Amino acid sequence: MPGQRKRKRRQDAERQRIARRTARPGHWEVVFETYDQAELREHAIRLREAGVDGPMIRIDMLCGRLVQPTAYRLSHFVPDPTREPDSGHLDR
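All of the points below concern the structure found in this document. (Residues numbered from 1 in each chain as written. Predicted model: local features only at pLDDT ≥ 70, side-chain atom pairs only at ≥ 80, totals over all residues. Heavy atoms only, no water.)

### Looking at the pattern of salt bridges
Link 1 in the chain: One pass over the full model with this rule turns up 5 salt bridges.
Link 2 in the chain: With a closest N to O distance of 2.9 Å, R46 and E42 form a salt bridge. Separated by 4 residues within a single helix, R46 and E42 lie in helix 2 (residues 37-49), roughly one turn from each other. (Salt bridge = Lys/Arg side-chain N within 4 Å of Asp/Glu carboxyl O. Helix = DSSP H or I, 4+ residues; strand = E, 2+ residues; numbered from the N terminus.)

Right under this line is the structure:
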């Protein structure tokens, strides 16, 4: 398909950029949990409007079974301010 190679290269570059940014010391902090997908979407939009970078937001879908409903968890990456990043990890 035309353009597929270019798209895949772009996606790989974006994944590598995100991996470099989250490789520094820090943790994923849970911001919001819900069973309602629309409510999750609304909260994610508000979080992005508040200035949180899109790739630094993670949405986890905890799949339910017959007994438990599906749950959604919204997290964002918080860098650890007390630790310095390794000199080997440069964000270019």
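### Notes on the sheet that holds strand 1 (residues 26-34)
Link 1 in the chain: The 3 strands lie next to each other as 1-3-2, forming an open sheet whose pairing is antiparallel. In the strand order of this sheet, the two ends are held by strand 1 and strand 2 (57-62), each with one partner. Neighbouring strand axes in the sheet, compared pairwise and without regard to direction, differ in orientation by 30° on average.
Link 2 in the chain: Relative to strand 3 (residues 71-79), strand 2 runs antiparallel, the two being bridged by 6 bridges. Across the sheet, M61 pairs through a bridge with Y72, a residue of strand 3.
Link 3 in the chain: This element, helix 2, spans strand 1, strand 2 and strand 3 of the sheet and lies at about 20° to strand 3. (Pairing = 2+ DSSP bridges. Axes fitted to C-alpha atoms, helices over the stretch in contact; angles between N-to-C directions. Contact = heavy atoms within 4.5 Å.)

### Thoughts on the nonpolar core
General note: in soluble globular proteins, nonpolar side chains tend to be found buried as a group.
Link 1 in the chain: The biggest cluster of nonpolar side chains holds 7 residues, and these are F32, L40, A44, L47, I57, Y72 and L74.
Link 2 in the chain: Within the residue set of this core, elements represented by two or more residues are helix 2 and strand 3.
Link 3 in the chain: Sorting elements by how many residues they give to this core places helix 2 first, with 3 residues.
Link 4 in the chain: The contact partners of I57, leaving out residues within four places of it in the chain, are W28, L47, R48, V52, L74, S75 and H76. (Core = buried A, V, L, I, M, F, W, Y, C linked by side-chain atoms within 4.5 Å. Buried < 20%, exposed > 50% of the residue type's maximum accessible area, 1.4 Å probe, protein only.)

### Thoughts on the packing of aromatic side chains
Link 1 in the chain: Enumeration according to the criterion identifies 1 aromatic pair in this entry.
Link 2 in the chain: Relative to F77, the ring of W28 lies with its centre 5.4 Å away and its plane at 65°, an arrangement referred to as edge-to-face. With W28 in strand 1 and F77 in strand 3, this residue pair connects regions lying 49 residues apart in the sequence.
Link 3 in the chain: On the basis of relative accessibility, which here comes to 28%, the residue W28 falls in the partly exposed class. (Phe/Tyr/Trp six-rings, centres within 6.5 Å; stacked < 30°, edge-to-face > 60°.)

### Things to note about the environment of T70
Link 1 in the chain: Mapped onto the elements of the fold, T70 is located in the loop between strand 2 and strand 3.
Link 2 in the chain: Accessibility expressed as a relative area gives 27% for T70, which makes it partly exposed.
Link 3 in the chain: Put simply, T70 and T34 are 36 residues apart on the chain and 8.9 Å apart in space, counted from C-alpha to C-alpha.
Link 4 in the chain: In contact with T70, not counting residues within four places along its chain, are Y35, M61, L62, C63 and G64.

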